[in-house]
Amino acid sequence: MADDRRPSNDDILPQSSDQQLTTNDRSDELFMEAALRAAQRALEIGEVPVGAVVVCGAEVIAEGWNQNLSGNDPTAHAEVMALRAAGAIVGNHRLGDCDLFATIEPCAMCAGALIHARVRRLIYGSDDPKAGAVHSVMQVVNHPQLNHRMEIKGGVLAGRCAELLQSFFRQRR
């Protein structure tokens, strides 16, 4: 039986000098590190450790982390919080020149928010086999009926992103 699991960047590390990560891959990893730091902030306040950052140009302009439990707000997911902050900074609800980095595959609500914001690229860490709306459970992002398409890249620092979540849930059991 073949392994259906998609390889992540953690699985495809350079093994020789001629197999180097591209500059874009390195940048994506650096921005995912920022999303992981945001996820750590969620963990520190007792939230499920999910983080997100919005990048415009080569700069993080906004960050978000889960705050739905502490804020009693079902919409306060990391991605939504980052998009809200970015919209306020840019002065527009459209973020067409921006990329969003999230530590986990976005849910349907967050995927819808990314579409409405017209985000250019979505880069995420680990897949979410229970609620992912990019490809795991359903395909909201880049659905053929919708009018916005974005570039998608999954699996960036997937092992670290997944371990943070798995560790959190192991401790809660």
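Each remark here, short or long, concerns the structure printed above.
### What about the sheet that holds strand S4 (residues 121–126)?
The strand order across the open sheet formed by 5 strands is S2-S1-S3-S4-S5, and the pairing between neighbours is mixed. Whereas interior strands pair on both sides, the edge strands pair on one side only; in this sheet they are strand S2 (59–65) and strand S5 (151–153). Strand-to-strand twist across the sheet, computed as the mean angle between neighbouring axes with direction ignored, equals 15 degrees.

### Focus: the packing of aromatic side chains
Under the counting rule described, the total for this entry stands at 2 aromatic pairs. Relative to Phe101, the ring of Phe31 has its centre 5.3 Å away and its plane inclined at 50 degrees; by these criteria the two rings are tilted. One end of the pair, Phe31, is in helix H1 (residues 23–44); the other, Phe101, is in strand S3 (residues 98–104), with 70 residues separating them in the sequence. Phe101 carries the same exposure label as Phe31, and that label is buried. Aromatic side chains Phe168 and Phe169 sit 5.1 Å apart centroid to centroid with 75 degrees between the ring planes, which places their arrangement in the edge-to-face category.

### Focus on unusual backbone geometry
Unlike most non-glycine residues, Asn72 shows phi in positive territory, near 50 degrees. On the secondary structure map, Asn72 appears in the loop between S2 and helix H2 (78–90). Phi at Asn142 takes a positive value of approximately 60 degrees, unusual for a residue other than glycine. Following the sequence through the fold, Asn142 ends up in the loop between S4 and S5.

### Structural notes on the side chain of Ser126
Mapping Ser126 onto the fold places it in strand S4. Non-local contacts of Ser126, meaning those with residues more than four positions away in its chain, are made with Thr103, Ile104, Glu105, Ala158, Cys161, Ala162 and Leu165.

### Focus on the environment of Val134
Tracing the sequence through the fold places Val134 in the loop between S4 and S5. It is 9.2 Å that separates the C-alpha atoms of Val134 and Gly154, two residues lying 20 residues apart in sequence. Here Val134 is in contact with Glu105, Pro106, Leu122, Tyr124, Gln139, Val141 and Ile152, once residues within four sequence places are set aside.

### A few points about the pattern of salt bridges
Where charged atoms from two side chains of opposite charge come close, those side chains can pair. On inspection of all chains with the given rule, the structure shows 10 salt bridges. Each member of the salt-bridge network shares a partner with another, and the members are Asp25, Asp28, Asp99, Arg120, Arg121, Glu151 and Lys153.

### Focus: the pairing of strand S1 (residues 51–56)
Among the 6 residues of S1, 6 are classified as buried, and the element is accordingly described as predominantly covered. When S1 meets S2, the two strands line up antiparallel, connected through 6 bridges. Its bridge partner being in S2, Gly51 is matched across the sheet by Trp65. Two successive antiparallel strands, S1 and S2, enclose a turn made up of 2 residues, where Gly57 displays a positive phi of approximately 65 degrees.

### Some words on the nonpolar core
Within the largest apolar cluster, 28 residues are counted, with the highest numbers of intra-cluster contacts made by Val54, Ile61, Leu83, Leu100, Leu114 and Leu122. Residue contacts for Leu122: discarding those within four places in its chain leaves Leu100, Pro106, Leu114, Val134, Val141, Met150, Glu151, Ile152 and Lys153.

### What to know about the layout of surface pockets
The space that makes up the largest pocket amounts to roughly 610 Å³. Together, 23 residues line the largest pocket, and Val48, Ile104, Asp128, Leu165 and Phe169 are the ones closest to its centre. Ranked by residues supplied to the lining of the largest pocket, first place goes to helix H4 (residues 158–172) with 4 residues. Tallied by class, the residues present in the lining of the largest pocket amount to 11 nonpolar, 5 polar and 7 charged.

### Some words on H4
With 15 residues, H4 extends 22 Å from end C-alpha to end C-alpha; this agrees with the ideal 21 Å at 1.5 Å per step. Taken together, the buried positions of H4 are Ala158, Cys161, Ala162, Leu164, Leu165 and Phe168. Down the axis of H4, the smallest arc covering the buried residues is 155 degrees, so these residues share one side. On the buried face of H4, the contacting elements are H1, S3 and S4.

Calculation rules
Numbering of residues starts from 1 in every chain and runs along the sequence as written. Owing to the predicted nature of the model, reporting of local features is limited to residues with pLDDT of at least 70; listing and counting of side-chain atom pairs is limited to 80 or more, with chain, interface and lining totals taken over all residues. Note: side-chain values were computed over all heavy atoms of the structure, leaving out hydrogens and water. We treat two strands as partners when DSSP finds at least two bridges between them. Counting from the N terminus, the helices are DSSP H or I runs at least four residues long and the strands are E runs at least two residues long. Note on geometry: axes are lines fitted to C-alpha atoms, helical ones only across the stretch in contact, with angles between N-to-C directions running from 0 to 180 degrees. We call Phe, Tyr and Trp rings a pair once their centres come within 6.5 Å, taking the six-membered ring for Trp, and we label the pair stacked below 30 degrees between planes, edge-to-face above 60, and tilted otherwise. Each residue gets one of three labels from its accessible area relative to the maximum for its type: buried under 20%, exposed over 50%, partly exposed in between, using a 1.4 Å probe on protein chains only. Two residues form a contact once any of their heavy atoms are found within 4.5 Å. Salt bridges are defined as contacts in which a side-chain nitrogen from Lys or Arg sits within 4 Å of a carboxyl oxygen from Asp or Glu. Here, nonpolar core refers to any group of buried Ala, Val, Leu, Ile, Met, Phe, Trp, Tyr and Cys residues whose side-chain atoms link them within 4.5 Å. A cavity here means a set of 1 Å grid points, computed over protein atoms only, where a 1.4 Å probe fits but cannot escape. A pocket is an open set with protein on both sides within 12 Å along at least 5 of 7 lines, and lining residues have an atom within 4 Å of a point. Grid points are joined across faces, edges and corners, and a volume is the space filled by probe spheres set on the points. Residue polarity follows a fixed list, in which Ala, Val, Leu, Ile, Met, Phe, Trp, Tyr, Cys and Pro are nonpolar, Asp, Glu, Lys and Arg are charged, and the others, Gly among them, are polar. One less than the number of residues in a helix, times 1.5 Å, gives the span that helix is expected to have. The directions from the helix axis to the C-beta atoms are what the arc is built from.

Nothing here speaks to function; it is all geometry.
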